[in-house]
Amino acid sequence: MTVCRFCSTPLSEVVADLGVTPLSNALVTPEGLVWTRSYGFADMSTHRLANRQSVYRIGSITKMFTGLMLQQLVAVGKIHLTDPVERYYPEIREIRGYSKLAAPITVQQLATMTSGISREPEEEGHSGPGR
């Protein structure tokens, strides 16, 4: 039985109580996937259960890794937070409305979510439970 490390409640109960779906856990070693367990529905409309092949959107977990990586690059002088993002990622110019901006988006604006660009791509739609 897998339990929440914060409240010691079985994860199946946490998922049911919060109405959060889906949720998958995995243990990966250098040799590969060793253990996995999924909870909830990968698709609420068809009641298809989540499993180890379920695809999830990454969500906000990457913010802390990105922030740490940026700080390391700043510390060694490889990047400046005031640099325009297009210096490193020219494809950002393809975002709808980018050419109408008063000034190029900086690394700091992108990292702090103050750039003014859309949070979600329009074609992706809502990312709610069981989608």
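Above this text is the structure in question.
Residues numbered from 1 in each chain as written. Predicted model: local features only at pLDDT ≥ 70, side-chain atom pairs only at ≥ 80, totals over all residues. Heavy atoms only, no water.

What follows is about the pairing of strand E1 (residues 23-29). Alignment of E1 against strand E2 (residues 32-39), held across seven bridges, turns out to be antiparallel. Bridging across to E2, Leu-27 finds its partner in Trp-35. Turn length for the E1-E2 hairpin, with the two strands adjacent in sequence and antiparallel, is two residues. (Pairing = 2+ DSSP bridges. Helix = DSSP H or I, 4+ residues; strand = E, 2+ residues; numbered from the N terminus.)

Residues Leu-70, Ile-79, Val-85, Ile-92, Tyr-98, Ile-105 and Val-107 constitute the largest nonpolar core, which totals seven residues. Setting aside its immediate chain neighbours within four residues, Val-107 contacts Leu-70, Ile-79, His-80, Leu-81, Asp-83, Val-85 and Tyr-88. (Core = buried A, V, L, I, M, F, W, Y, C linked by side-chain atoms within 4.5 Å. Buried < 20%, exposed > 50% of the residue type's maximum accessible area, 1.4 Å probe, protein only. Contact = heavy atoms within 4.5 Å.)

As a further point, take the pattern of salt bridges. All told, the structure shown has two salt bridges when counted by the stated rule. For the salt bridge of Arg-87 with Asp-83, the shortest nitrogen-to-oxygen distance reads 3.1 Å. Among the residues examined, Arg-87 registers a relative accessible area of 53% and is labelled exposed. Classification of Asp-83 by relative accessible area gives buried; the value is 7%. We note a salt bridge from Glu-86 to Arg-93, for which the minimum N-O separation is 3.5 Å. In this structure Glu-86 comes out as buried when scored by relative accessible area, which is 19%. Take Arg-93: its relative accessible area is 47%, and that puts it in the partly exposed class. (Salt bridge = Lys/Arg side-chain N within 4 Å of Asp/Glu carboxyl O.)

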